[in-house]
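Structural features, examined
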Amino acid sequence: MKAVLRTVNRVFLGLVGLILLVLGGSVLAVGLGVSAPSWWIHDSEHDVLLSDAERTRWRDDGWWWPVVIAVLAVLLLLALWWLVAVLRRRRLAEVLVDTGDGEGALLRGRALEDVLAQEADHIDGVDGAQAHLKGGRSTPEAHVRLALEPHVDPGTALTDFTTGPLTHAKTSAGLASLPAEVRLKGVKHGAERVS
């Protein structure tokens, strides 16, 4: 669902930006004296976008105002949906834990994130760790950042993380799987003195 919202967001913003750029550019070009094609909205620098006749053309027809109100309502709902999708919390608030008796328990997402980060911080060569959970309550995804010391092999640190903290988090929460995206970053260090 995240990828769909991200794609819709980018397509929507791209289309709105392109439409505004074309309209604004055309108004600017015609205002500066560039001749516009015959089919364009306005054709001279003294022309207005909508004349009085065009603005009041259908005002007395019975279907005009319901259509205007319906279109504006749909545009408002789409804008509100887009705003909610953009501002929605990206972190997972709770994880559904299967207790084995047909019931379920809720585990706070922050608690699992903290435990995952603290346990990852104890891996040899890891200087710092951050963990965030995303996804659904029954299908969480871990997004982890590990800051590695200079002497550490990244492959070994990644293996230690997946077999240690990630496996512990998956089994303790009773999850069938816990996919993880792990970003490794080296810690900056000063030059070592050779004697």
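Refer to the preceding data block for the structure.
Scoring rules and cut-offs
- Numbers given to residues run from 1 along each chain, matching the order in which its sequence is written.
- Per-residue local features are limited, in this predicted model, to residues with pLDDT of at least 70; the limit for side-chain atom pairs, both in listing and counting, is 80 or more; totals at the level of whole chains, interfaces and linings are taken over all residues.
- Only hydrogens and water are set aside when side-chain values are computed; all heavy atoms of the structure are taken into account.
- Going along the chain from the N terminus, every DSSP run of H or I of four or more residues is numbered as a helix, and every run of E of two or more is numbered as a strand.
- Atoms counted for the radius of gyration: C-alpha only. Globule rule: 2.2 Å times residue count to the power 0.38.
- Note on exposure labels: buried denotes an accessible area under 20% of the residue type's maximum, exposed denotes more than 50%, and partly exposed covers the range between, all computed with a 1.4 Å probe on protein chains only.
- Pairs of residues are marked as contacts when any of their non-hydrogen atoms sit within 4.5 Å.
- Here the Shrake-Rupley method, with its probe set to 1.4 Å, supplies the accessible areas, and only the displayed protein chains count as covering residues.
- The charge count includes Lys and Arg as positive and Asp and Glu as negative, but it does not include His or the ends of the chains.
- Where a charge lies is defined by one atom per residue type, namely NZ (Lys), CZ (Arg), CG (Asp) and CD (Glu).
- Throughout this description, the term salt bridge denotes a Lys or Arg side-chain nitrogen within 4 Å of a carboxyl oxygen of Asp or Glu.

**Focus: the overall build of the protein chain**
- Counting its secondary structure elements, the protein chain contains 5 helices and 5 strands.
- Its C-alpha radius of gyration of 28 Å places the protein chain more than 25% over the 16 Å reference for a compact globule of 195 residues.
- C-alpha atoms of the protein chain, sized along the principal axes, occupy 80 × 65 × 20 Å.
- The proportion of buried residues among the 195 residues of the protein chain is 20%.
- Nonlocal contacts in the protein chain, meaning residues at least 24 apart in sequence, comprise 49% of its contacts between residues at least 6 apart.
- A total accessible area of about 14200 Å² is found for the protein chain, and carbon and sulfur atoms account for 61% of it.
- Taking the average place of the 20 positive charges on the side chains of the protein chain and the average place of its 23 negative ones, the gap between the two points comes to 2 Å.

**Let's talk about the pattern of salt bridges**
- Evaluation of the coordinates by the stated rule reveals 2 salt bridges.
- One salt bridge connects Arg137 with Glu94, and the closest N-O pair in it is separated by 2.9 Å. Here the residue Arg137 occupies a position in the loop between β3 (126–135) and β4 (140–148), and Glu94 occupies one in strand β1 (residues 94–98), the gap between them amounting to 43 residues.
- Residue Arg183 is joined to Glu181 by a salt bridge in which the shortest nitrogen-to-oxygen separation is 2.9 Å.
- Judged by its relative accessible area of 35%, Glu181 falls in the partly exposed class.

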